[in-house]
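# What the coordinates show
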Amino acid sequence: MLIRPWCDGDQGLVVAAQRNLSAATIDRRFLVGSGGRLPVAYLRHIAAGARPEWDAQVAVDGGVLCGWAEYGRVPARDPAADVAVLVADPWQRTGLASALVRALVQRMIAAGIRAIHADVAGSNAAARGLVRALAGSDPGPTYADGLLHFAFDLAAVPQDPAPLAGQPVLTRVR
Ligand SMILES: CC(C)(COP(=O)(O)OP(=O)(O)OC[C@H]1O[C@@H](n2cnc3c(N)ncnc32)[C@H](O)[C@@H]1OP(=O)(O)O)[C@@H](O)C(=O)NCCC(=O)NCCS
C-alpha cells in the first residue's frame, strides 16, 4: 500500500474508487443520504487540487485508491482545520485511516495547522474509534445540530518517524 500526498489527477482515482464504496460509507463521510454516489460538488472541489485551503493524503494499491484523508480550512492560513477520512469498504478496520491521518498530520504541521476539528454522527462508532485512537483518549465532543463536534491539538496525534514529511511511504495494513 503506497501512502502519498494528493497529486493532480487523483480525482479520477476517487471517481473510480466509488465501485468499492457502500452507500453507508459515503453517507457517514458526507453526513447526508448520498444515493451511493460521491457528491458532484465535492468532486469539483477536489478536482481543483491541493492548495492552502485544502490538501489530502491518499492510499493506493495497484492503481486502486483504497482511502484518503483530507483537511480543509477557511481562511487559508487558519491554524485550525477540519479533517475527514474515507476508507473504502474492503480496507476498513485494517489500520488504514490511522496511517493516512498520521501521514497527513506531518504536512498539516508544516502548513501551520495546530488543531483538528471533526464533525461525526453520534452513531458512527468507527469514526469515534478513530478519533479516540488519534487523540489518545476521547477528547469529549460538544453536541450541536445533531452531530458530535471534536476539537483537539494536532500534537496529540502519533506521527510516523518520517524524516521527509510529504514523501510517499510504503506501508503494510492488517
Ligand atoms: C471511520 C473510518 C475512516 C475508519 O477507517 P479504518 O481504516 O477502518 O480505521 P482504522 O482501522 O485505522 O481504525 C482506527 C481506530 O478506530 C477503531 N475502529 C475502526 N472501526 C471501528 C468500528 N466499526 N467500531 C469501533 N471502533 C472502530 C479501530 O479499532 C482503531 O482503534 P485502535 O487503534 O485503538 O485499535 C472508516 O470506517 C470509514 O471510512 N467510514 C466511512 C466514512 C467516515 O465515517 N468517515 C469519518 C467521518 S469524516
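Just above sits the structure.
Below or above, wherever it landed, is the structure these notes cover. (Residues numbered from 1 in each chain as written. Predicted model: local features only at pLDDT ≥ 70, side-chain atom pairs only at ≥ 80, totals over all residues. Heavy atoms only, no water.)

Another aspect to go through is the packing of aromatic side chains. By the definition in use, this model includes two aromatic pairs. Note on Trp 6 and Trp 54: the rings are 5.1 Å apart at their centroids and 85° apart in plane angle, and the pair reads as edge-to-face. Pair noted here: Trp 6 is in the loop between strand E1 (2-5) and helix H1 (10-17) and Trp 54 is in strand E2 (residues 54-61), with a separation of 48 residues, a long-range link. You can call Trp 6 buried: its relative accessible area is 6%. Taking the relative accessible area as the measure of exposure, Trp 54 reaches 2% and is therefore buried. The residue whose ring lies beneath Arg 29 is Phe 30, and the NZ or CZ to ring-centre distance is 4.2 Å. (Phe/Tyr/Trp six-rings, centres within 6.5 Å; stacked < 30°, edge-to-face > 60°. Helix = DSSP H or I, 4+ residues; strand = E, 2+ residues; numbered from the N terminus. Buried < 20%, exposed > 50% of the residue type's maximum accessible area, 1.4 Å probe, protein only. Lys NZ or Arg CZ within 6 Å of the ring centre and 35° of its normal.)

Taken together, 22 residues surround the ligand, and among them Val 85, Val 87, Arg 93, Gly 95 and Asn 124 come closest. In this structure, Val 85 approaches the ligand through a main-chain N or O atom, which is 2.8 Å from a nitrogen atom. Within the backbone of Val 87, an N or O atom sits 2.8 Å from an oxygen atom of the ligand. Relative to its unbound accessible area of 920 Å², the ligand is 77% covered by the protein chains. Comparing atom positions with the cavity grids shows the ligand to sit within the largest pocket. Listed by contribution, the elements that provide at least two residues to the shell around the ligand are helix H2 (23-30), strand E4 (80-87), helix H4 (96-110) and helix H5 (125-135). In terms of residue count, H5 provides more of the shell around the ligand than any other element does, six residues in total. For the shell around the ligand, a count of residues per class yields 11 nonpolar, seven polar and four charged. (Near = heavy atom within 4 Å. Polar contact = N/O pair within 3.5 Å; in protein donor to acceptor, adjacent residues only side chain to side chain. Areas by Shrake-Rupley, 256 points an atom, 1.4 Å probe, with all protein chains shown as cover. 1 Å grid on protein atoms, 1.4 Å probe; cavity = no way out; pocket = protein on both sides within 12 Å on 5 of 7 lines; lining within 4 Å. Sits in = over half its atoms within 2 Å of the grid points. Nonpolar A, V, L, I, M, F, W, Y, C, P; charged D, E, K, R; others polar.)

Before going further, it helps to spend a moment on unusual backbone geometry. One can expect most non-glycine residues to show negative phi and most peptide bonds to be in trans. Pro 75 follows Val 74 through a cis peptide bond whose omega is 5°. Even without being a glycine, Leu 31 presents a positive backbone phi close to 60°. Tracing the sequence through the fold places Leu 31 in the loop between H2 and helix H3 (40-47). The exposure class assigned to Leu 31 is partly exposed, which follows from its relative accessible area of 36%.

Quick look at H1 now. Those residues of H1 that sit buried are Asp 10, Val 14 and Ala 17. Seen along its axis, H1 keeps its buried residues to an arc of 65°; they face one direction. If you follow the buried residues of H1, they end up packed against E1, H3, E2 and strand E3 (64-72). (Arc of directions from axis to C-beta. Contact = heavy atoms within 4.5 Å.)

This structure, assessed with the given rule, holds zero disulfides. Between Cys 7, a cysteine without a disulfide, and Cys 66, which holds the nearest cysteine sulfur, the sulfur-to-sulfur distance is 15 Å. Note on Cys 7: relative accessible area 36%, which makes it partly exposed. (Disulfide = S-S within 2.5 Å.)

Let's shift gears to the nonpolar core. Of all hydrophobic cores here, the largest spans 50 residues; its most connected members are Val 14, Leu 38, Trp 68, Leu 96 and Met 108. Sort the elements by how many residues they give to this core and H4 lands first, with nine residues. Apart from the residues within four sequence positions on either side, Val 14 is in contact with Trp 6, Leu 38, Leu 43, Ile 46, Leu 65 and Trp 68. (Core = buried A, V, L, I, M, F, W, Y, C linked by side-chain atoms within 4.5 Å.)

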